[in-house]
Amino acid sequence: MKNVLKQLFRGDVILWIVFLLLCVISVIEMYSSSSQLVYSAYRKAGTFYSPIVEHLRFLIIGIVLAWTCQWIPLKIIRFGGYLLLIVSIVLLIVTLISGQSANEASRWLTIFGYSLQPSEFAKLAVIIVVADLISRIKEKKTDEKRIFWIMIAIVAVVCLLIFPENLSTAAMLFAVTFIMMFVGQISWKYIFLVLGIIVFLLAFLVLLINVVPENHRPAFLKRASTWENRILNHGSDENKYVFGDIKVTKQLFITSNTPTGQTTVEIPNNQSIEAGSLVSVHLEVAVDREMWNIHIQDTLVAGTKYADVIAGYKHQNGTAYNESISDSAINFVFEHIAKGIYNFEYNLQTNATVALSNKSPDIYSAYVITDENRQSQRGKIAIAKGGLLGVGPGNSEQRNVLPGAFSDFIFAIIIEETGLALGLFIMLLYLVLLFRAGAIATQSRTVFLSVSCIGLALMIVVQAFVHMAVATGLGPITGQPLPLISRGGTSIIVTCIYFGIIFSATRSIKAEKTKEKLKSEEPVITIEEE
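Residues numbered from 1 in each chain as written. Predicted model: local features only at pLDDT ≥ 70, side-chain atom pairs only at ≥ 80, totals over all residues. Heavy atoms only, no water.

Notes on the overall build of the chain
The helix and strand inventory of the chain stands at 14 helices and 15 strands. Looking at the chain residue by residue over its 530 residues, the buried ones come to 45%. Long-range pairs, those at least 24 residues apart, make up 75% of the contacts in the chain between residues at least 6 apart in sequence. By element, 62% of the accessible surface of the chain is carried by carbon and sulfur atoms, the whole surface being about 27,000 Å². (Helix = DSSP H or I, 4+ residues; strand = E, 2+ residues; numbered from the N terminus. Buried < 20%, exposed > 50% of the residue type's maximum accessible area, 1.4 Å probe, protein only. Contact = heavy atoms within 4.5 Å. Areas by Shrake-Rupley, 256 points an atom, 1.4 Å probe, with all protein chains shown as cover.)

Structure below.
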């Protein structure tokens, strides 16, 4: 059985394990995070399973392609890279002209009823072609200057075609190809020259965005405002809400005994209250929209103490909150509160004659979820709820309200359901892929094999960590899926091809080593002269 598996799976064993583990995690998490898709599918077709069946179909196709690619000779892969590059450039141009709009960008193209993302194929083609051109410089001693500028022209054309609709993808592709050039030991003078040109162009672009009014900008800068807002506002305190839209009013009531029984009357502001009186404090909290992490503090007046000694997690008026009492104040903390008006009450005991004020309590924090910050805020909430071990698979709350829960923010749902433990394990899998690809590259005697392995692994890992940074709030929103795990047929299939090419490279290395071993073991025959 072991020999059969070795014959079927010729690539690196560790990378096959990483690949299959990511596929298994993908099935589980897609099934769990696709509640919005399931609801939509049920309304349209009366079935709950079409989203996960579709995802499984793409995964199976991808696994078959990865297994098939391991048998393809590297010569065919190199030649195929150039054909794919030409097709990708044509598709990118068509996408810019008549592509489907998603998240304010035309990134999708429909062919024979199937949607695909040409930028995914373009990334694969560029990595293969760049690796081939670098190998031509180093192995065939071709004119380095001429080949280098051909490489830059190819990368520039593809990145410029991707750039107007997907800045993050263009930036990642550019960065990965330059790292490949460093690995391939291209002359530093050429690399720094191009970097200087890029810095100049970026400075000019920023100047253009800030000087030219939005309605007069050229077509390729139509999404410049989106990029600017995401980059500049990330990490700022923009989500802290203006307290004018959350209003807290305070009323004071005193209960006294009369000949007709007990009566409760409102206390006018700053009226003196005798010692030993029981004062009821009523707080009305009016919220004009859904908010999170609200902290309200009512300061204790000298000469009073709290009659209520029980505090902690409470439910009242249809919402949950935490009430805490100190020597100087009472605090109300709401993790979440929906739009509406809420009433809360607590009692004070006077131990001296005091004048009480109905001044509104202080609001120390209040965060609102808007259309602009919905994804980032919901993602942070999901991660905060997950903790170390999570709330359990299938128990996510944010998957129902987080846009992109099954794609751009699936890592946040993974942490909410399975905690930081699985999140770190997934990070480890991607790092193993990178380190293993690096080890494979050092074992190869061909430049193409080494550079292509590094480039393909880097593209997967960089995209994965960009996705994780976005989901955890460490980076601006980019719309990058988590490779092999997020929903997206084109992304899954192309990522599987990445793995397949790396498997092909490891198969070639094993074949080289076997050939050298057999050659070294050949008997040496000597003929003695008489």
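A few points about the packing of helix 12 (residues 410-443) against helix 13 (residues 447-471)
It is the contact of helix 12 with helix 13, at a shortest axis distance of 9 Å, that shows an interaxial angle of 165°. If you check the angle between helix 12 and helix 13, you find them roughly antiparallel. Once helix 12 is placed against helix 13, the crossing between them reads as left-handed. (Axes fitted to C-alpha atoms, helices over the stretch in contact; angles between N-to-C directions. Parallel < 35°, antiparallel > 145°, perpendicular 65-115°, else oblique. Left-handed = near helix turned anticlockwise from the far one by under 90°.)

Topic: helix 4 (residues 50-69)
Residues separated by three or four positions in an α-helix point in the same direction, a consequence of the helix having 3.6 residues per turn. For helix 4, which comprises 20 residues, the first-to-last C-alpha distance of 28 Å matches the rise-based estimate of 28 Å (1.5 Å per residue) to within 8%. Within helix 4, the full set of buried residues consists of P51, I52, H55, F58, L59, G62, A66 and C69. Seen from one end, helix 4 has its buried residues packed into an arc of 125°, which puts them on one side. (Expected span 1.5 Å × (residues − 1). Arc of directions from axis to C-beta.)

Quick notes on the confidence of the model for the chain
Confidence in the prediction for the chain averages 80 pLDDT; 80% of positions are at 70 or higher. Per-element averaging of pLDDT across the chain places helix 10 (residues 224-233) at the bottom with 54 and helix 13 at the top with 91. (pLDDT = per-residue confidence, 0-100.)

Regarding helix 12
Across its 34 residues, helix 12 extends only 35 Å between first and last C-alpha, which sits more than 12% below the 50 Å expected from 1.5 Å per residue. At G419, helix 12 shows its maximal kink, close to 125°. (Bend = angle between axes of the 7 residues up to and from the residue.)

A few points about a nonpolar patch on the surface
Taken together, the side chains of V13, I17, L21, F425 and L428 define a hydrophobic patch exposed on the protein surface, amounting to about 420 Å² of accessible area. For the nonpolar patch, the secondary structure elements donating two or more residues are helix 2 (13-33) and helix 12. Looking at which element gives the most residues to the nonpolar patch, the answer is helix 2, with 3 residues. Structurally, the position occupied by F425 is in helix 12. Given a relative accessible area of 33%, F425 falls into the partly exposed group. (Patch = residues over 30% accessible without salt bridge, like charges linked within 9 Å, V, L, I, M, F, W, Y side chains within 5 Å. Salt bridge = Lys/Arg side-chain N within 4 Å of Asp/Glu carboxyl O.)

A look at the packing of aromatic side chains
Here the structure, examined in full by the defined rule, presents 18 aromatic pairs. Cluster of aromatic residues (ring-pair linked, three or more members): Y306, Y321, F332, F334, F344 and Y346. Over the ring of F58 we find R57; its NZ or CZ atom is 5.7 Å from the centre of that ring. The ring of F448 is capped by R78, whose NZ or CZ atom sits 4.5 Å from the centre of that ring. (Phe/Tyr/Trp six-rings, centres within 6.5 Å; stacked < 30°, edge-to-face > 60°. Lys NZ or Arg CZ within 6 Å of the ring centre and 35° of its normal.)

Concerning the environment of I52
Its location among the elements puts I52 in helix 4. Sequence-distant contacts of I52, that is, excluding residues within four places in its chain, are made with V27, M30 and Y31.

What to know about the side chain of Q297
Tracing the backbone shows Q297 in strand 8 (residues 291-299). Using a relative accessible area of 18% as the deciding quantity, one classes Q297 as buried. Side chain to side chain, Q297 and N331 meet in a polar contact 2.8 Å long. Aside from chain neighbours lying at most four places away, what touches Q297 is A329, I330, N331, P361, D362 and Y364. (Polar contact = N/O pair within 3.5 Å; in protein donor to acceptor, adjacent residues only side chain to side chain.)

Brief notes about the pairing of strand 11 (residues 319-325)
For strand 10 (residues 312-316) and strand 11, the ladder comprises 5 bridges, and the chain directions are antiparallel. In the strand pairing of strand 11, H315 is matched with A320. Pairing geometry for strand 11 and strand 12 (residues 329-337), over 4 bridges, is antiparallel. Residue pairing for strand 12: I325 is matched across the bridge by I330. Between the end of strand 11 and the start of strand 12, which pair antiparallel, lie 3 residues. (Pairing = 2+ DSSP bridges.)

A short note on unusual backbone geometry
Not every positive phi belongs to a glycine, and Q185 is a case in point at roughly 60°. Tracing the backbone through its elements, the reader meets Q185 in the loop between helix 8 (167-183) and helix 9 (188-211). With relative accessibility at 59%, the residue Q185 sits in the exposed group. The phi dihedral of L484 falls on the positive side, at around 75°, and the residue is not glycine. Here L484 is to be found in the loop between helix 13 and helix 14 (489-520). Note on L484: relative accessible area 1%, which makes it buried.

Some points on the environment of N343
As for its placement among the helices and strands, N343 is situated in strand 13 (residues 340-350). Taking the C-alpha atoms as reference points, N343 and Q316, 27 residues apart in sequence, are found 8.2 Å from one another.

What about the environment of Q36?
Positionally, Q36 belongs in helix 3 (residues 35-45). A relative accessible area of 28% means that Q36 is categorised as partly exposed.

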